[in-house]
Amino acid sequence: TMLTQTARNTLEEIRRGFRPFQSYFINSSNVGTPQAANERTYATMTAPNEQYRLLALFRHWNLINYLFPYKADIGRPWDDVLREMIPVFVNAPQTTRDYVFALHRMSAQINDSHGFISNPLHLQSWGDGVFPMELQHIEGKTVVSAINFTSALMNSAGMSDLRVGDIIIAISNVPIDTIRKQLAPLIPASNISALNRDINTFLLYGNTGDASLTIQRGSQTLTLPARRISFSERNAGRRSPTLSLTWRILDNNIG
């Protein structure tokens, strides 16, 4: 009697929704996520036909429908997502890249930064190369925030003139805002800050080889003949960032 009817209804919904991981179909991983242990994985099927693309969609949809604790906070009825995504999976060309991108788009539907695609084909679907730099989205602009790589690597990537603080205007003559809008539907994010943070990572990916970066530096607009390098090259040329002190004494003896 101490609780409102709304509170009682909500608690009852939680009680009815509780499903312990003790069934043939769903088990718990070591971090508590649901695992469909008895479902076949079809590991060799890298470019599934229409029937198997739909099977993947239905498995994904069911896991969210029955086991996602925040389904009510997604922002729209989960049934609507199924109706929207069926034609996406049906009409996706039978290629690995398009299939992975369909999975990304489905993963983004939960509007939760904990969503992600874990698949051996994930990175190569975005391209086999990467720009050696780090980006941040600051005041609506895509800004070079760190270059923690050796000079030799930056030279080989044609990016030795790049500086921290440069604003990326375009990549290979495609405006950066256009690319960001293309990436947004493929990335699950809880809020706009998380979305922009994750887009910054995907902006770096693409096929190895020549590209270009159009940047703004103060009042100047410059074009750098950059190229994406392989992930192994990038990792080999990475250097530890120089970290400033984590604490200091300010005026008036403030730590």
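Attention in this report is confined to the structure presented alongside it.

A cluster of nonpolar side chains, contributed by Met2, Leu3, Leu11 and Ile14, occupies part of the molecular surface with about 480 Å² of accessible area. Relative to the helices and strands, Ile14 resides in helix α1 (residues 5–17).

The next subject is the sheet that holds strand β8 (residues 205–206). Spatially, 4 strands are ordered β8-β3-β12-β9 in an open sheet, and the strand pairing comes out antiparallel. In this open sheet, the two edge strands, each paired with only one partner strand, are β8 and β9 (209–210). Pairing of strand β3 (residues 129–130) with β8 involves 2 bridges; the strand directions are antiparallel. Within β8, the position partnered with Val130 by the bridge is Tyr205.

Running from N to C, helix α3 (residues 78–91) and helix α4 (residues 96–107) point in directions that differ by 170°, and their axes come no closer than 11 Å. The angle between the axes of α3 and α4 places the two elements in the roughly antiparallel class. On α4, the residues that touch Trp78, Val81, Glu84, Met85, Val88 and Phe89 of α3 are Tyr99, Ala102, Leu103, Arg105 and Met106. Per-class residue counts for the contact of α3 with α4 are 9 nonpolar, no polar and 2 charged.

A separate point is the nonpolar core. Looking at soluble globular proteins, one finds that nonpolar side chains tend to be buried together. Phe131, Met133, Met159, Leu162, Ile168, Leu183 and Leu213 are the most contacted members of the largest nonpolar core, which totals 36 residues. For this core, the elements supplying multiple residues, two or more each, are α6 (151–156), β6 (167–171), α7 (176–183), α8 (192–202) and β10 (213–217). If you tally residues by element for this core, the top one is α8, at 4 residues. Setting aside anything within four residues of it in sequence, one finds Phe131 in contact with Met159, Ile171, Leu203, Leu204, Ala211, Leu213, Ala226, Arg227 and Arg228. Among the nonpolar cores identified, the runner-up in size contains 19 residues, and Trp78, Val88, Ala102 and Met106 belong to it.

Approximately 380 Å³ is the volume attributed to the second largest pocket. Surrounding the second largest pocket, 17 residues form its lining, Arg97, Trp126, Ile179, Leu183 and Tyr205 being those nearest its centre. Elements supplying a minimum of two residues to the lining of the second largest pocket: α4, α5 (122–126), α7 and β8. For the lining of the second largest pocket, the leading source of residues is α7, giving 3 residues. Partitioned by chemical class, the residues of the lining of the second largest pocket number 9 nonpolar, 6 polar and 2 charged.

In an α-helix, one full turn covers 3.6 residues, which means residues spaced three or four apart are oriented alike. Along α7, the residues that are buried comprise Ile176, Ile179, Arg180 and Leu183. Buried residues of α7 fall within an arc of 100° about the axis and therefore sit on the same side. Every exposed residue of α7 that faces more than 90 degrees away from the buried side is listed here: Lys181 and Gln182. The inward-facing, buried residues of α7 contact α5, β4 (134–138), β5 (141–146), β6, β7 (174–175) and α8.

Parameters at a glance
- The numbering scheme is per chain: residues are counted from 1 as the chain's sequence reads.
- Local features in a predicted model are, by the rule used here, given only for residues with pLDDT of at least 70; side-chain atom pairs are given and counted only at 80 or more, and totals for whole chains, interfaces and linings are based on all residues.
- Note that the side-chain values use all heavy atoms of the structure and ignore hydrogens as well as water.
- By definition, no residue in a patch forms a salt bridge, and every one has over 30% relative accessible area; like charges are joined within 9 Å, nonpolar side chains (Val, Leu, Ile, Met, Phe, Trp, Tyr) within 5 Å.
- In these tables, accessible area is a Shrake-Rupley quantity obtained with a 1.4 Å probe, and a residue counts as shielded only by the protein chains included in the view.
- In what follows, salt bridge is the name for a side-chain nitrogen of Lys or Arg lying within 4 Å of a carboxyl oxygen of Asp or Glu.
- Only DSSP runs of H or I reaching four residues or more are called helices, and only runs of E reaching two or more are called strands; each is numbered from the N terminus.
- What makes two strands pair is DSSP finding at least two bridges between them.
- Every axis in this analysis is a line fitted to C-alpha atoms, fitted for helices over the stretch in contact. Angles between the N-to-C directions lie between 0 and 180 degrees.
- Here the angle decides the label: under 35 degrees means roughly parallel, over 145 means roughly antiparallel, 65 to 115 means roughly perpendicular, and every other value means oblique.
- Whether two residues are in contact is decided by their heavy atoms, any of which lying within 4.5 Å being enough.
- Polar here means any residue other than Ala, Val, Leu, Ile, Met, Phe, Trp, Tyr, Cys and Pro, which are nonpolar, and Asp, Glu, Lys and Arg, which are charged; Gly is therefore polar.
- In plain words, nonpolar cores are sets of buried Ala, Val, Leu, Ile, Met, Phe, Trp, Tyr and Cys residues tied together by side-chain atoms within 4.5 Å.
- Here the term buried applies to any residue with accessible area under 20% of the maximum for its type, exposed to any over 50%, and partly exposed to those in between, with areas from a 1.4 Å probe on protein chains only.
- In this analysis, the protein atoms alone were mapped onto a 1 Å grid. Cavities are point sets where a 1.4 Å probe fits without being able to get out; pockets are open sets with protein on both sides within 12 Å along at least five of seven lines; lining residues have an atom within 4 Å of a point.
- Grid points are joined across faces, edges and corners, and a volume is the space filled by probe spheres set on the points.
- Arc definition: directions from the helix axis to the C-beta atoms.

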